[in-house]
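In case you want the letters, here they are:
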Amino acid sequence: MRKCLLLVSALLSLYYVSVAQTVKLSGKAMDATTGKPVEYASVVLLKEDSTVVTGMYTQPDGSFSFTTNQGKYILRITYMGYNKLERPISSGKPLILKLQPAGKVLATVEVKSEKPAFSMQIDREVYDAGAILTADGGTGTDVLKNIPSVDVDIDDNITLRGKSVTIYVDGKPSPFGDAKTALQMIPAETIDRVEVINNPSAKYEAQGGGGIINIVLKKDKAIGYNVMFNAGVATRGQLNGSANASLRIKRFNFFGNYNGRYESQAGSGYSYRQNLIADTSNTSFFSQDSHNKNSNHSNGGRLGLDFYLDDYNTFTLTEGLTSSLGNSADQIFLDYQDQQKVSLKSGQRNNGSDYNNPNNNTSFNFRHTTDRPNEELTAYVSYSDNKSNNNSNYNTKYSTEPFPELQVNKTISQNKFWNIQSDYTTPVGKKGKFEAGAKATLRNNNNDYNAQVFNDTTQTFEKSNDLSNTYYYKEDVYGGYANFSNAIGNLGYQVGVRAEQAVLNGFSYTKNSAVKNNFFNVFPSVFFKYNLPHNEDQSLIFNFSTRVDRPGFDQLLPYTNNSDPQNIRTGNPDLKPSLTQKYEMNYSRYFPRSKDYLNTGVYYSQANDDISRISTLDTTTGVTTTKPMNLATDKDWGANFTYNLHIVEGWNVSTNLNLEYSKLTGGNINNENFSYGITMNSTVRLPHKFNVQMNGHYRAPRVTPQGSFKAMNGIDLGFRKELLKNNAMAISLNISDVLNTQKFSTHYETASFIQDYSRKRTTRFIRINIRYRFGKMDPNLFKKKKKPEEVEEPAEERRPVDNSL
C-alpha cells in the first residue's frame, strides 16, 4: 500500500512539474500601415537552433496561440506581400506583432511603404481599391472594371469568368435593390478592398455560379474623428460629390456618408440579321440602327452608430436612403430587304421613358465575444423597401403604313427584402475552429405593368392584355451551414456543408398564370492550404465547392418586353435551378528580395441545366423572341496566371492571364471554343507624391449557346497628385478608354438566322477628381484632463504598448 502511495505521489509530482514547465504563447498579427488584422498568416515557433517546434495560421482577427514548454524561442511570421518578421520570445505575455508591407528606405529620413495591391488567401483574392487610380471619382462599378477575371458589360452587368456572380457589401447582400444599382451608389473612394471569392465556402449562401464579390467599405473605429470630401467632373456630362465622416467618443462610434451623382450619356447600336428562312413579307435581310441619350440623377446617404456596451458586446444600427431619377430617349431606324437586298419597307421607332426609384434600408447588427480567443456570436437583421415608378412611350412609323403605332406604358413596383442571419464561431483544440450559422432571405415583389395601345378606329388608348402584366412574386430562401477548420503541420484545411431550401411563388393576374417551385439542395465545400517545407514564402491552395443559379422572378414570369419590336424578350415559368461544381488549385510564391509575387492555378467547373437566353425566329412575322431556357451542360477548363513585378524602385507591373476552354452540350446545343483574357496594370510612383497608372485589357471571343461574344479591349490612364501633410489632399485626372475601342458585340448563328449585334456608348472621357480629408485619431482626445482614469477604451480597441513591434 505504501509503495502504491509513493508511486501515485511521484506521478502527481511529475504531472505538476510538467504543468509548471508549460507556457502559453499568444498574440496578434496586424498590418503596420492600416492597423487591421492579417488573417491566415503563417506563424512558426522555432528553437534557437532554428528547429521547428510547431506552427499555425492566424485567425480572421489575426490572433494565434501556442502551448509549449518553457524556454527560449524565436517567433517567425510570414505572409505574401509583407516583410518577414522574426523576434525572440520567452514569456507568455500576449504580443502585438506589426507586419510591415513591402517597402524600402528611399532616403535617410523617409520610408516609403504601401499596402499590398493584391494578396491570395485560403479562399479569396484580395485587391486594394486605393491602388486603382483609374477609378478615382467613379463608382464601385469602375473599381470592378479593373479587377482581373471580372467582366462589366455595356449595361453594367457583372460576371466572373463569364458566370453570374453575387455582390456583397461588407459581407452582406446588397441592401439597395439589385447589385448593379448598389454599385452605382458606392463612391470608389469609400471602398477599402475588393474580395473575389471564386469558390465560396459553406458559410456563404450558394446563389451565383461564378462565386461572390465582396465590396468592403472603409470604416474607422479609432478614438477621434475622420472626415473626407470628394468632388469630381467628367467630360461626358458627369458631376459627383460625396462626404464621409466618423466620430468615436468613448463607447460610441458615429458614422455617415452622402453621395450625389449626375450624368448624361449618349450611345448607339447596330444590328444586322440574315433570315435563312424568309418570312411572309419575303424579308431576307433586316437591319436596325439606333441612337440613344439618357441622364440619371442619384442621391444616397447612410447614418450609423456602433455602441460598445462592454468589452464583449457591440451593437450597430444603420439607416440608409437612396433616390434615383432619370430619363432616356431612343431613336431606332428599321430597314427590311429582300434576297437581292432591295428595300421592302423602312420605319422609325422613337422610345422615351422617365423613372423615379426611392429606396430605404435599415439594419441591426450584434456581436458578442468571450474571454476565449476567437469565440464570438453575431446576429444580423436587415430590411429594405425598394420602389420604382416608370413611364414610357413607343412611337413606330412604317413607310408602308398610313398611321403610326402608338403605345404608352406605366409601371409601379415595390420590392421588400428581409435578411436575417446568425453565426457562431468557437475554437477547437490548439489550432481548430468550428463555425455554424443560419440565414433566411425573404423577398416580396409586387409589379403592375400597364401597357396601352392606341386604337386608330376609336382614337383612344386601350389596355393590351397581351403586353400588360400585373403580378406578385415571393422568394424565400432558408439556409444553414457548419464549417470545421484545423491545421496539421504545414497543412491547413477547412471542410463544410450547407443546406438551403428555396420556396418560389408567383402569380400573374393579367395572364392568370402561377409559378410555384420548391428547391432543396446540399452544398459541400473543401479547402486545403499547404505551406511548402523550408520555404514559408510558397503555398499550395486547393478548394472545391458547389454553387447554384436559381431563376429570378424576371426570368420565370411570362412578361413580354417589346421595347424593340423586332427583338422581343419574355420569361419562362418552366425554368429549373442550375447546379455548378467547381474545383480550383493555386500555387502562390512571394519573393522577399524583389517584393514580387506569383499566383498561378488551374480550375474546372461544370454547370448542369445551364440557364441561357435563346433566340428563335418567327418565320411568319420575322420577329425574334429571346427567353431563358435550361439547355445545356456547360464545362469550363481554365488556367490563371498573375505576376506582380517590381521593375525598379517605385515602378511595378501586374499582369494577369486567364486561359479558358468552354464546351456547351445538350439538346440541339453543341458549341465550344478556346478563349483568353489579358489584364495589365502598370503603376509608377514618382517623386513629389505623383503617381501614374495605366490599365489595359483584352478579352478574346467567348462562347455562347448560339454563337459568341466578340472580343473586347481598352486602355485607361490615371494620374494622382497627393498634397499637404499626411497626403490630406489628392487631385486625380483619369482618361477612360483612350483609344475609344470599348464596345459590346455578339454573333448569333442558328438554323433559321444569322445575326451580328453591337452596342457602343460614351466610354472615352476625361474626369477630374479632388479628395480632401482631415481628422485626428487620439485615444485621449475626448478624455477629461482632470480625471483621465474615468474614461476607459473598450478592450477591442486597446493595444499593448510594451510588447508592440
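A brief structural summary. Here the structure is a predicted model, which means the values were calculated and not measured.

1. Topic: the packing of aromatic side chains
The final tally for this structure, using the stated rule, is 24 aromatic pairs. Centroid distance phenylalanine 454 to phenylalanine 461: 5.1 Å. Interplanar angle 65 degrees. Geometry classified as edge-to-face. On the basis of relative accessibility, which here comes to 34%, the residue phenylalanine 461 falls in the partly exposed class. Aromatic side chains tryptophan 637 and tyrosine 661 sit 5.7 Å apart centroid to centroid with 40 degrees between the ring planes, which places their arrangement in the tilted category. Separated by 24 residues along the polypeptide, tryptophan 637 in strand S36 (residues 624–648) and tyrosine 661 in strand S37 (residues 651–666) bring together distant segments of the chain. For tryptophan 637, a relative accessible area of 38% gives the class partly exposed. The class of tyrosine 661 is partly exposed, set by a relative accessible area of 31%. Feature note: the residues Phe544, Tyr583, Tyr604, Trp637 and Tyr661 constitute an aromatic cluster, connected by ring pairs. The ring of phenylalanine 417 carries the charged tip of arginine 443 above its face, separated from the ring centre by 4.4 Å.

2. Quick look at the pattern of salt bridges
Evaluation of the coordinates by the stated rule reveals 22 salt bridges. Between aspartate 142 and lysine 145 there is a salt bridge, with its nearest N and O atoms 3.9 Å apart. A salt bridge links lysine 163 to aspartate 634; the nearest nitrogen and oxygen atoms lie 3.4 Å apart. Here aspartate 634 lies in strand S36 and lysine 163 lies in strand S14 (residues 163–164), a separation of 471 residues in the sequence.

3. A closer look at the side chain of arginine 273
The residue arginine 273 is located in strand S21 (residues 252–275) in this model. Take arginine 273: its relative accessible area is 1%, and that puts it in the buried class. One polar contact links the side chain of arginine 273 to the main-chain carbonyl oxygen of glycine 622, over a distance of 2.5 Å. Here arginine 273 is in contact with Ser284, Phe285, Phe286, Gln566, Asn567, Leu617, Gly622, Thr624, Phe753, Ile754 and Gln755, once residues within four sequence places are set aside.

4. A closer look at the sheet that holds S14
Two orientations exist for strands paired in a sheet by backbone hydrogen bonds: parallel and antiparallel. A sheet is described by the order of its strands in space; here 3 strands give the open sequence S12-S13-S14, paired in antiparallel fashion. Because the sheet does not close on itself, it has two edges, and the strands there are strand S12 (150–152) and S14. The sheet contact formed by S12 and strand S13 (residues 158–160) spans 3 bridges and is antiparallel. By the bridge assignment, valine 152 is partnered in S13 with isoleucine 158.

5. Section: unusual backbone geometry
Of note in the backbone geometry, serine 149 takes a positive phi value of approximately 70 degrees without being a glycine. Tracing the chain through its elements places serine 149 in the loop between helix H2 (140–144) and S12. One non-glycine residue, leucine 724, adopts positive backbone phi at about 65 degrees.

6. Observations concerning the pairing of strand S19 (residues 224–234)
Of the pairings in the sheet, the one linking S19 to strand S20 (residues 238–249) comprises 11 bridges and is antiparallel in character. Paired with valine 227 across the strands is alanine 245, a residue of S20. Here S19 folds back onto S20 in antiparallel fashion, the turn holding 3 residues, of which glycine 237 has a positive phi close to 90 degrees.

What counts and what doesn't
Residues numbered from 1 in each chain as written. Predicted model: local features only at pLDDT ≥ 70, side-chain atom pairs only at ≥ 80, totals over all residues. Heavy atoms only, no water. Phe/Tyr/Trp six-rings, centres within 6.5 Å; stacked < 30°, edge-to-face > 60°. Buried < 20%, exposed > 50% of the residue type's maximum accessible area, 1.4 Å probe, protein only. Helix = DSSP H or I, 4+ residues; strand = E, 2+ residues; numbered from the N terminus. Lys NZ or Arg CZ within 6 Å of the ring centre and 35° of its normal. Salt bridge = Lys/Arg side-chain N within 4 Å of Asp/Glu carboxyl O. Polar contact = N/O pair within 3.5 Å; in protein donor to acceptor, adjacent residues only side chain to side chain. Contact = heavy atoms within 4.5 Å. Pairing = 2+ DSSP bridges.

None of the figures reported here should be taken as evidence of function without further support.
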